[in-house]
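What follows is each chain in one-letter form.
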Amino acid sequence: MIAFHKIRPLMNRVLVKKVEPLTKTKGGILLPESNKDQLNFGTVISVGPGRHQENGQLRPVFVKEGDTVLLPEYGGSKVTLADNQDYYIYRDDDIVGTLHDPTK
Amino acid sequence: MIAFHKIRPLMNRVLVKKVEPLTKTKGGILLPESNKDQLNFGTVISVGPGRHQENGQLRPVFVKEGDTVLLPEYGGSKVTLADNQDYYIYRDDDIVGTLHDPTK
Amino acid sequence: MIAFHKIRPLMNRVLVKKVEPLTKTKGGILLPESNKDQLNFGTVISVGPGRHQENGQLRPVFVKEGDTVLLPEYGGSKVTLADNQDYYIYRDDDIVGTLHDPTK
Amino acid sequence: MIAFHKIRPLMNRVLVKKVEPLTKTKGGILLPESNKDQLNFGTVISVGPGRHQENGQLRPVFVKEGDTVLLPEYGGSKVTLADNQDYYIYRDDDIVGTLHDPTK
Amino acid sequence: MIAFHKIRPLMNRVLVKKVEPLTKTKGGILLPESNKDQLNFGTVISVGPGRHQENGQLRPVFVKEGDTVLLPEYGGSKVTLADNQDYYIYRDDDIVGTLHDPTK
Amino acid sequence: MIAFHKIRPLMNRVLVKKVEPLTKTKGGILLPESNKDQLNFGTVISVGPGRHQENGQLRPVFVKEGDTVLLPEYGGSKVTLADNQDYYIYRDDDIVGTLHDPTK
Amino acid sequence: MIAFHKIRPLMNRVLVKKVEPLTKTKGGILLPESNKDQLNFGTVISVGPGRHQENGQLRPVFVKEGDTVLLPEYGGSKVTLADNQDYYIYRDDDIVGTLHDPTK
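None of these values were measured; they are calculated from a predicted model. (Residues numbered from 1 in each chain as written. Chains lettered and ligands numbered in written order. Predicted model: local features only at pLDDT ≥ 70, side-chain atom pairs only at ≥ 80, totals over all residues. Heavy atoms only, no water.)

### Considerations on the overall build of chain A
Threshold: Every helix listed is a DSSP run of H or I at least four residues long, and every strand listed is a run of E at least two residues long, numbered separately from the N terminus. Per-residue accessibility, obtained with a 1.4 Å probe over protein chains only, is compared with the maximum for each type, and a residue is labelled buried under 20%, exposed over 50%, and partly exposed between these values. Here the open area of atoms and residues is found with the Shrake-Rupley method and a 1.4 Å probe, where only the protein chains shown may cover a residue.
Each helix and strand counted, chain A has zero helices and nine strands in total. Listing each helix as α and each strand as β along chain A from the N terminus yields β-β-β-β-β-β-β-β-β. Here chain A holds 104 residues, and the buried ones make up 46% of them. By element, 48% of the accessible surface of chain A is carried by carbon and sulfur atoms, the whole surface being about 5,200 Å².

So this is what it looks like as structure tokens:
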């Protein structure tokens, strides 16, 4: 058995923890309560180094640690970590968009 | 829970709000009233940065914020925002065309 | 609702209005009368800017406004405009050929 | 209605009229009589300009007007012209080979 | 009707006449008698000019006239010539290998 | 029969021995006991030289001998070695991520 | 009929004779006896020249004559030679790995 602590995704993979949007705001987004599988928002926990393209260059991942992301309806692989919470792995080009607070 | 306000699409994705064409004009376009799912016109709310091509260059998105677009019959992912209106995400190369007022 | 007047196709799309060939001529082409869906000739109404290739260059559309085109048996998306006539959208590389009057 | 006289294929398409081989000769080829759909020889009537490759160059069509060609068993789109004879459109890379008279 | 005498394959196609291996030799190959369809050895009758690659270069055909070739179990299109023998067309990259007499 | 001792994977293949995570730690990962087929963590035993890309360059393998890797739910080919333990072969781009001890 | 003696594979094909591993050694590999179809180890008899890549270069075959190779569970085409033993043709990128004696 092996003790380990941190997942570093390979290629353009992104480790995401699903979250519920906090509250409805002016121009904001509110989703009804649902179970974690149905949530389609998440926080980026860690990202891979990027994807090698055919011309030999590394294309960096489109999102960064801490980003709030809009996830696609299907896809993503569930990963179970020690804190009994579900994490999900996505390819960065499957992530739909990022969410931003316009007041900041 | 997280409060957020604005969706910034990734890659060549386009956030669209479906609209009904206003009126029949000379050489204009008139669609019968229908529910939002069946509408195939929309206004572009926001666009992603573009798509990385194999030669390493970023190809910008074909449409811009505010454009009225003709949408394909199938495709597009519905996104629910806080204003209880449906938005849709398309890849820009799935959008059929843009609509223009020739009098301007 | 929004009033608009002109469709500008994106990428290498072509907006086509289906037509019947006029008459049988020496070496000409005559098609039996049929409904618009079955017609496989059309006039090009407008064309997109072209298709971006992997080397970053824009390849222009193969046909131009006013061309009479031979359409494939299958494919093309119907678009309804305000004049109650059906228009069709094709990718230019799906169009079979162009028709020409050899006397000109 | 529109009068037109000549089909100019787009891209690497080839307009072919199916023919029966004339006679059995020394080292020649003889096919039994059959209906036009089953014939797999043809004469090239006209050819398109060629196919754009990913490096931006135009690759010319492999056959030319007047060539006798061996056609594949499946494929090709029938086109009806005013002389009540059937023509067929093929992509040039679907054409199997060309036939030549070794005495010339 | 048209008299013709010789098939010149297009692209990287190869015209093959199926043959039976002659006899068992030391280190040689012997196949049981079978009908022509089941034979998987052949003699190359003629070859095309090669295949255009994406970089614009022509890659010559891997085999040459007169080669004895090992054919794949499936694939190949039958062509009937005037000598009432069956010929087969293969793409050169579907041909498995060539056979050689090590004593020469 | 042949005696051999070491498998050196070809291309970007990776030879993996599945392992169970040791213990739950702060921020660590704990998986319930399961049979080897269901385990999705492993130790890299050996890796191939990498994958040749279309531009002719060799892209090295993303993981190295000794790495603890998170494996995908599906995929991987079982290989039985003399020590009666199961090994698995993966393509490196199918491996989800690597696990790291943040205290080191 | 034609006498021939040696198969020279085309492209990146590899001619393999399946073998059983000899014996269990320290860190070695032992497979239970099985019929030839189920064996997944083999000796390389001959290899092709390599595979042409899109940039025009020839990528040599990954294995060489005499190598002991680990074969994939599925794939490979059986070829019957005159010595009544079965040979198999694989593409080199389908071969899983090579086996080596670490004492040498």
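Moving on, there is more to tell.
### Re the pairing of strand 1 (residues 6-9) of chain B
Which entries qualify depends on this criterion: The pairing criterion for strands is at least two bridges between them, as found by DSSP.
Where burial is concerned, the two faces of strand 1 of chain B differ: the one with Ile7 and Pro9 of chain B is buried and the one with Lys6 and Arg8 of chain B is not. With four bridges joining them, strand 9 (residues 97-100) of chain A and strand 1 of chain B adopt antiparallel strand pairing. Bridging across to strand 1 of chain B, Leu99 of chain A finds its partner in Ile7 of chain B.

### Let's talk about the confidence of the model for chain A
Under the convention used in this document: What pLDDT expresses is the predictor's confidence in each residue, scored from 0 to 100.
Per-residue pLDDT for chain A has a mean of 80; in total, 70% of the residues score no lower than 70. Taken together, the chains of this predicted complex give a pTM of 0.82 and an interface ipTM of 0.78.

### Observations regarding the environment of Leu15 of chain G
Residues and elements named next belong to chain G. The condition that has to hold: By definition in these notes, contact holds between two residues if any of their heavy atoms fall within 4.5 Å.
Secondary-structure assignment places Leu15 in strand 2 (residues 13-18). On a C-alpha basis, the gap between Leu15 and Gln57 in space is 23 Å, while along the polypeptide they are 42 residues apart. If near-sequence neighbours (up to four positions away) are discounted, Leu15 is found in contact with Ile7, Pro9, Thr43, Val44, Ile45, Ser46, Tyr87, Tyr88 and Ile89.

### Observations regarding the packing of aromatic side chains
Spelled out, the test is: Any two rings among Phe, Tyr and Trp, with Trp reduced to its six-membered ring, count as a pair given centres within 6.5 Å; such a pair is stacked if its planes are under 30 degrees apart, edge-to-face if over 60, and tilted if neither. To sit over a ring, a charge needs its Lys NZ or Arg CZ within 6 Å of the ring centre and within 35 degrees of the ring normal.
Counted under the stated rule, the structure contains zero aromatic pairs over all chains. The side chain of Arg59 of chain E reaches across the aromatic face of Phe62 of chain E, ending 4.0 Å from its centre. Lying over the aromatic face of Tyr88 of chain F, Lys18 of chain F brings its terminal NZ or CZ to 4.2 Å of the ring centre.

### So, the environment of Asn12 of chain D
Residue and element names in this part refer to chain D. One can find Asn12 in the loop between strand 1 (6-9) and strand 2 (13-18). Under the relative-accessibility criterion, Asn12 is labelled buried at 0%. Taking C-alpha positions, Asn12 is 8.5 Å from Phe62, a pair spaced 50 residues apart along the chain. Setting aside its immediate chain neighbours within four residues, Asn12 contacts Gly50, Arg51, Arg59, Val61, Tyr90, Arg91, Asp92 and Asp93.

### As for the pattern of salt bridges
All names here are of chain D. Here is the rule: Throughout this description, the term salt bridge denotes a Lys or Arg side-chain nitrogen within 4 Å of a carboxyl oxygen of Asp or Glu.
The tally for this structure, following the rule as stated, stands at 14 salt bridges over all chains. The shortest N-O distance in the salt bridge between Asp67 and Lys64 comes to 3.0 Å. Accessibility expressed as a relative area gives 13% for Asp67, which makes it buried.

### A short note on the side chain of Asp67 of chain G
Mapped onto the elements of the fold, Asp67 of chain G is located in the loop between strand 5 (58-59) and strand 6 (68-70). If sequence neighbours within four positions are ignored, Asp67 of chain G has contacts with Gly42, Thr43, Val44 and Thr98 of chain G.

### Focus: the pairing of strand 3 (residues 41-47) of chain F
Residue and element names in this part refer to chain F. Of all the seven residues making up strand 3, five are buried; the element is thus mostly covered by neighbouring parts of the structure. Pairing between strand 2 (residues 13-18) and strand 3: five bridges, direction antiparallel. From the neighbouring strand, Lys18 faces strand 3, where its bridge partner is Gly42. One ladder, built from three bridges, connects strand 3 with strand 6 (residues 68-70); its direction is antiparallel. Across the sheet, Phe41 pairs through a bridge with Leu70, a residue of strand 6.

### Side note on unusual backbone geometry
A negative phi angle characterises most non-glycine residues, just as the trans form characterises most peptide bonds. Even without a glycine there, the phi angle at Met11 of chain D is positive, about 55 degrees. With respect to the element layout, Met11 of chain D can be found in the loop between strand 1 and strand 2.

### Details of a negative patch on the surface
Operational definition: To count toward a patch, a residue needs a relative accessible area above 30% and no salt bridge. Like charges then connect within 9 Å, nonpolar side chains (Val, Leu, Ile, Met, Phe, Trp, Tyr) within 5 Å. All tallies of charge rest on Lys and Arg as positive and Asp and Glu as negative; His and the ends of each chain are not included. Where a charge lies is defined by one atom per residue type: Lys uses NZ, Arg uses CZ, Asp uses CG and Glu uses CD.
A surface patch of like charges, here negative, comprises Glu54 of chain A, Glu54 of chain B, Glu54 of chain C, Glu54 of chain D, Glu54 of chain E, Glu54 of chain F together with Glu54 of chain G. Topologically, Glu54 of chain F is positioned in the loop between strand 4 (51-52) and strand 5 (58-59).

### Details of the environment of Glu65 of chain A
Position of Glu65 of chain A relative to the elements: it lies in the loop between strand 5 (58-59) and strand 6 (68-70). In this structure Glu65 of chain A touches Val44, Ile45 and Val47 of chain A, once residues within four positions along its chain are discounted.

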